[in-house]
Amino acid sequence: MNKLNVSNLKEYLSKNGWSLDSDYNIRDEETDHLITACISVDDWKININLNNYDEKIEELIKNSRIKTYFDTSSLTDDVAKAVTTHEIGHYKYCPRSNNNFADILSGISKAISESPHAQNLINNKFSIANMFTDIIANATCSLELKKDFFNNGQSIFYIFEGYLAQKKGFKLPEDYALFSAINMNIIQPNNSKRNIMRDYYPSLDELLISKGLMIFTGFNQLDFADNQMLSRALINLYDESKFLIKAYEFTKLIASFIKNSPSELENLVKSNDFIERFKNDKEFNKLIKRLIIERNGNTTALTALINSIEFSDTLYWSKAKEYNIEFNLDELDKLDIICVGEEPWTGDLSNIDLVNLKPNEAGVWKFQQCVKKEPIVIRNKADFDFPDILYLFDTSGSMQGNPYDLLLTAIYASLYYLEEIGKAGDMHFNFTQFSNQTITSGWFDYYALEDKRKQFLFSPQWGGTTINYNSIKHIFDSARGPFHTILVTDGCISNENSIIELFREKLDFGSSLDYISIGGYNGAFMRLAEEHLNAKCSIINNANDIVNLIIGITRKVFSE
């Protein structure tokens, strides 16, 4: 049997878009488990622990019937790659975003609030959320990949946990046994492979397993050789609008197994140094906010959730891609769309782009065929006959929460588009935020983008709304040629007259301006910009519109 090749595992992660510098960490720390891995919704970083991994697999195979049902020659690599694929599945499928995670926690909170032991179950919320998201990630990876390495690798992982429990002489918790059985029924259609679970989870309840399968896929048993059943199961799995109710139903299913535990929140708040720690300890601050959100148990806590997490470069790149794909759907007449209403769709699945399966505004699911748009024709890049770009954006207190999260998504979506059409590498960029201070990155090329992007986008000020004259003048004076400014604010600019004069001078030499006002504010700056600068001014009442607006601006300015 092969030993695990860690370098191959690193290569596998890299091929799936994870960078060793910031996105994952492989370590070797003592653990009884076969392998431990997690992805954090704070920063979407994957951590993998491989302590004595090869020896544990050899011991499991030697002392079980696994070799009867599984090809053991590549099992060490299969398990490691399957667990890694599973963690990437959290990022791609569930929870995918902080909005999804908030909904999942809300559904769990609602179910626990209806339990007679509600006050004692708060510590279990994240454990249940982990189980819930694990099942969706596994099911979706299994359906999409259709590769033995994933199904076999994940199966060995759950079998080992049961083996370890037997070896140490204790019985696994019934909620974990049910969770493992649901996973095995989804990823192993072969009954003989599923039955090996009975060796290590002897008290499995077939009725509860069927109920669990019904919650996630709509079926109490699965045969994925049937295309119709596969398509319907996928629809049920991908429906993010039902994450809250699914999490609620799943929690109700396993709630009777959950052991009582003391409330962590009350204990922390009563601690003598609570106020001092809350003010000064970032991690403690985040923990308290998270627990408060859990206790509230509703999606109105989403703004607090966003404010309590660290910004993630990887997350915003993912969102940028999704928004660009969604934007494409409105433009392309070459896409062959098949709608799925009440009746199941029985067509051929071979051409379906499963990754981008999502409902439209009316809640109707669409399978997007894999037909690509013709590439956009761009001008001779060597002539630099298109402008550079200045993102000038408001980080005042009123931008905090959802507006700023969407602004970042819009900026990333704009950058993603410029990269896709091949112009980003020949452009200079500038990120400038204004609030109490005007802080600028200066002009830099695309290849120096990553560090500058994180530094100047992920440190908002949450103060007032003033643009510093000298800072903007320096930006204008240091530009290498014409540039396009996208200016975003949700309020008035206190020194609009002097800033308008600066823009007027620069725009006379071929630069241009798009001004976006969030929240319907139509102040003096907008009127002056339209009158004196020939600027394109847009008022949006819903911050959600900012993403498509900025994508549209980027396409209009930088494409023929």
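The paragraphs below set out a description of the structure included in this document.

The rules we used
Residues numbered from 1 in each chain as written. Predicted model: local features only at pLDDT ≥ 70, side-chain atom pairs only at ≥ 80, totals over all residues. Heavy atoms only, no water. Pairing = 2+ DSSP bridges. Helix = DSSP H or I, 4+ residues; strand = E, 2+ residues; numbered from the N terminus. Axes fitted to C-alpha atoms, helices over the stretch in contact; angles between N-to-C directions. Contact = heavy atoms within 4.5 Å. Expected span 1.5 Å × (residues − 1). Buried < 20%, exposed > 50% of the residue type's maximum accessible area, 1.4 Å probe, protein only. Phe/Tyr/Trp six-rings, centres within 6.5 Å; stacked < 30°, edge-to-face > 60°. Core = buried A, V, L, I, M, F, W, Y, C linked by side-chain atoms within 4.5 Å.

### Some words on the sheet that holds strand β3 (residues 46–49)
Taken together, the three strands give an open sheet; going across it, the order is β1-β3-β2, and neighbouring strands pair in mixed fashion. One side of each edge strand has no neighbouring strand; the edge strands of this open sheet are β1 (24–27) and β2 (36–39). When strand polarity is set aside, the average angle formed by the axes of neighbouring strands in this sheet is 5°. Most of the contacts of helix α1 (residues 6–15) go to β1, to which it runs at about 165°, and overall it touches β1 and β3. Sitting on the sheet, helix α4 (residues 75–92) touches β2 and β3, and the angle it makes with β2 is about 15°.

### Quick notes on helix α12 (residues 243–254)
Its 12 residues give α12 an end-to-end C-alpha distance of 17 Å, which sits within 8% of 16 Å, the value for a rise of 1.5 Å per residue. For α12, the full list of buried residues reads F243, K246, A247, Y248, F250, T251, L253 and I254. Against α5 (98–113), α6 (125–145), α8 (174–187), α10 (206–217) and α11 (227–238) lie the buried residues of α12.

### A look at the packing of aromatic side chains
Enumeration over the complete set of coordinates arrives at 24 aromatic pairs. Judged by centre distance (5.6 Å) and plane angle (70°), the rings of W44 and Y91 are edge-to-face. One end of the pair, W44, is in the loop between β2 and β3; the other, Y91, is in helix α4, with 47 residues separating them in the sequence. There is no split in this pair, since W44 and Y91 are both buried. Pairing F132 with F243 gives two aromatic rings, centres 6.3 Å apart and planes at 85°, and the pair type is edge-to-face. One end of the pair, F132, is in helix α6; the other, F243, is in helix α12, and 111 residues separate them in sequence. There is no split in this pair, since F132 and F243 are both buried.

### Quick notes on the environment of V547
With respect to the helices, strands and loops of the structure, V547 is situated in helix α23 (residues 546–558). Taking C-alpha positions, V547 is 8.9 Å from A320, a pair spaced 227 residues apart along the chain. Setting aside chain neighbours within four positions, we find V547 in contact with Y323, L406, T409, A410 and A413.

### Notes on the side chain of S538
By secondary structure assignment, the location of S538 is in strand β13 (residues 536–540). Beyond its immediate chain neighbours, meaning those up to four positions away, S538 contacts Y515, I516, S517, M526 and L549.

### Here's the deal with the nonpolar core
Membership of the largest hydrophobic core comes to 87 residues, with the highest contact counts inside it found for I35, Y53, I66, V79, I159, Y201 and F250. For this core, the leading source of residues is helix α7 (residues 148–168), giving 10 residues. Discounting residues that sit within four places of it in the chain, V79 has contacts with L34, I35, Y53, I57, G153 and I156. If you look at the next biggest cluster of nonpolar residues, it comprises 41 residues, including F393, M427, L457 and I550.

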